[in-house]
Amino acid sequence: MEIYVFDSMSHPTSSGSGAQLTTPVQFLKGVGPQRAIRLANLGLRTAQDVLFFFPRDYQDLTDVRAIADLEEDALLSVLGEVEDVTLRSIGPGRSLLSVQIRQDGQWMRAVWFNQPFLEKKFFEGQCLLVAGKPSQRGGVWEMTHPHVEVIEQEDRDAEGRLLPVYPLTEGVYQGHLRRVVREVLDECVQSVEEIFPESFLAEHHLAPLAEALGNIHFPDNKTSLANARKRLVYQELLLLQLGLGLRRQRRSATATAPVLEATGKIDARIRRRFPFELTEGQNAAIADIVADMGKACPMNRLLQGDVGSGKTVIALYATLLAVAHGCQVAIMVPTEVLARQHARVLGEFLQASRVRTTLISGSLTKSQRTNVLGELKNGEIDVAIGTHALVQPDVEFANLGLVVIDEQHKFGVRQRAELKDAGPHYLVMTATPIPRTVTMTLFGDLDVTEIRDLPPGRQPVNTYLATDEKREKWWEFYRNKLSEGRQGYVIAPLIEESETWDVASLSRVYEELANGPLSDYRLGMIHGRMSGKEKDAVMRQFNDGRVQVLVGTTVVEVGVDVPNATVMTIEGAERFGLAQLHQLRGRIRRGTLPGYCTLFADLENDATAERLEAFVKSGDGFELAELDFKFRGPGDLFGTRQHGFPPLRIADLLRDAKVVQVARRDAQGLLDADPGLANPEHALLRQRVLRRYGSVLELGDVG
Ligand code: ADP
Ligand code: MG
């Protein structure tokens, strides 16, 4: 019979159950088929999975106090055993829960007012870590509403240590998971292969992998935890950057693009078409693009600029530069409304020029489409503007020189990839500012240009957060603006379930306005389920002022440009992300007139209120994007997952922003010195990159 002994990391071979990295969890000590099924729900199938399943947090027992050493008003923790739990009534609807905690013959109290339901959580003999500010009452130390963690029985002597806290799932318990991890560490951690060459570890001051794995699970102290985390975060981000770098490298090795030089003559001819002086940011962006397009290596640039910073003229510049050299251009946008608007704006800029543009949308009839595709294929058309209808396999160009993608954030990585193969030069624009670390991570194979200024005379939008009782006042203000000749938007609340519901809620909002506060004004309605023609008609009426108020869903979110519109109501604002609200608000910051935006929201929830108040205070899209990211988490709008990447296991794009930059630089350094990671010294590293990112980054044939 084998007796299982709990052993610490210092005797890695003593328990000897013979598990290997590939051993299925079912065969680990204390698991078995039932528990294996539950562990599989956490993605844990083999011993190796367990090693790389990182704690989401730690119970910090490094600084627990003896009750005798407590001090008034300092934040302190005590580890002890529950001796008694009493709940008493102290008045009508008021209660006091008192939990007596014993530690080495001394005792203290933890108390809660008016939280009777907590009583159930405590029982005699339970081991607790209580953290709070102690005060003395009647000679006894007391903590009011402390933070409490239940400590597993077997860890009651864990004083001075950090205990891992793992994400759990139904039927999996913290104590059990800790034992499984410990077992795997003891048995297998030494057989984990180091993926970095030794010299690399030394040069970057990184802990060896086996050591880092041991310490990320059961750190000896905070320093060893920090070192372990540093190593593992770095590794994760470096692998990602290497994946992106490999893709970039392969692309520039295989792809060539036409050299499209902006001679003085061409430059002057293009600029003559602009009715305004370009801003500094616009000029700098154009300089970047001109430098890129003048090379045979394909441009691959992301242009980031806040709403209204004037990205369209930059796209136009790049477009005309390509056309001047006889190349065709494809401009891809996420919505038909925007496609039509771009076509119209381009048409205005290009009046009396020989540039032939066309709109390719989902609403072309079959014969229209056949016609247009024919003209594209034989080169009769210079510029094609369209939605994803542009990336269908039957769309062929005679001589495509440039692809522009507007509002990049609305497209996934896959769609980008599809079009990518079509165009030699590639310009991506986004108005939803993406936190810089995220851009670098997700779009690490793109060069980035940022426009941080706005055309002259732009004013911040006056933004208000309101609840229902302010409605009447707001509509009065809104009507006054309309009577002064301005126009406005009303955005219906976002309903996640389906587009049909969106339309229903939009229709309700519309009816209420038409029969209520805006009954004297000309309203138009726009939503995603209308045909292209219908949308186009409404947009045209809004553009020339026949429609005074556009009542719509978020289809007006991206790109719509009507400078005379200066007021906006957003209903159900709590349902929108900050970046999205900022986009919406951007619709009324298009001209030199001040804009006014009121958000109506349900502010019951504190987090919502905090989020929306932050929005009211900040007019800076970059800042808001970072905030959004903080509030809603990376899994949301800019999450790696949404872009088709496997989720990050330990790195946090915001918290580890600095490491993202370092990893990017180091990855580039590695790839410069060893293109394709062909050196045998990098074989393992290369294998890991391909395993994780090979398919999403289409690196299948690298090397
Ligand atoms: P976005 O970056 O959000 O796509 P647009 O390109 O639609 O912004 O530009 C917003 C508005 O500002 C448009 O009406 C455009 O004509 C105008 N605009 C762009 N650049 C300038 C400039 N340098 N000076 C004045 N107005 C400009
Ligand atoms: Mg735009």
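Above this text sits the structure in question.
Conventions adopted
Residues numbered from 1 in each chain as written. Chains lettered and ligands numbered in written order. Predicted model: local features only at pLDDT ≥ 70, side-chain atom pairs only at ≥ 80, totals over all residues. Heavy atoms only, no water. Axes fitted to C-alpha atoms, helices over the stretch in contact; angles between N-to-C directions. Helix = DSSP H or I, 4+ residues; strand = E, 2+ residues; numbered from the N terminus. Left-handed = near helix turned anticlockwise from the far one by under 90°. Contact = heavy atoms within 4.5 Å. Nonpolar A, V, L, I, M, F, W, Y, C, P; charged D, E, K, R; others polar. Patch = residues over 30% accessible without salt bridge, like charges linked within 9 Å, V, L, I, M, F, W, Y side chains within 5 Å. Areas by Shrake-Rupley, 256 points an atom, 1.4 Å probe, with all protein chains shown as cover. Salt bridge = Lys/Arg side-chain N within 4 Å of Asp/Glu carboxyl O. Lys, Arg positive; Asp, Glu negative; His and termini not counted. Charge placed at Lys NZ, Arg CZ, Asp CG, Glu CD. Near = heavy atom within 4 Å. Polar contact = N/O pair within 3.5 Å; in protein donor to acceptor, adjacent residues only side chain to side chain. Buried < 20%, exposed > 50% of the residue type's maximum accessible area, 1.4 Å probe, protein only. Pairing = 2+ DSSP bridges. Right-handed = clockwise from strand over helix to strand, strands pointing away.

1. So, the packing of helix α17 (residues 578-586) against helix α18 (residues 606-617)
Taken N-terminus to C-terminus, the directions of α17 and α18 make an angle of 35°; their axes are 11 Å apart at the nearest point. Taken as a pair, α17 and α18 cross one another with a handedness that is right-handed. Across the interface between the two elements, L578, L581, H582 and R585 from α17 touch R611, L612 and F615 from α18. Its residues placed into classes, the contact of α17 with α18 shows four nonpolar, one polar and two charged.

2. Section: a positive patch on the surface
On the surface, K265, R269, R272 and R354 cluster together into a positively charged patch. Here R272 lies in the loop between α7 (264-271) and α8 (280-293).

3. Details of the site of ligand 1
Taken together, 16 residues form the shell around ligand 1, and within it G308, K311, T312, R458 and R590 come nearest. G310 places a polar main-chain atom, nitrogen or oxygen, 3.0 Å from an oxygen atom of ligand 1. One nitrogen or oxygen atom from the side chain of T312 is found 2.6 Å from an oxygen atom belonging to ligand 1. Compared with its free state, where it exposes 560 Å², ligand 1 has 87% of that area covered by protein. Partitioned by chemical class, the residues of the shell around ligand 1 number four nonpolar, six polar and six charged.

4. Some points on the pairing of strand β21 (residues 565-570)
Of all six residues making up β21, six are buried, and the element is well covered by its neighbours. Across five bridges, the pairing between strand β18 (residues 487-491) and β21 is parallel. Its bridge partner lying in β21, I491 is registered against I570. Here four bridges tie β21 to strand β22 (residues 596-600), and the two strands are oriented parallel to one another. Its bridge partner being in β22, V567 is matched across the sheet by Y596. Each parallel crossover has a hand, and for β21 linked through α17 to β22 it is right-handed.

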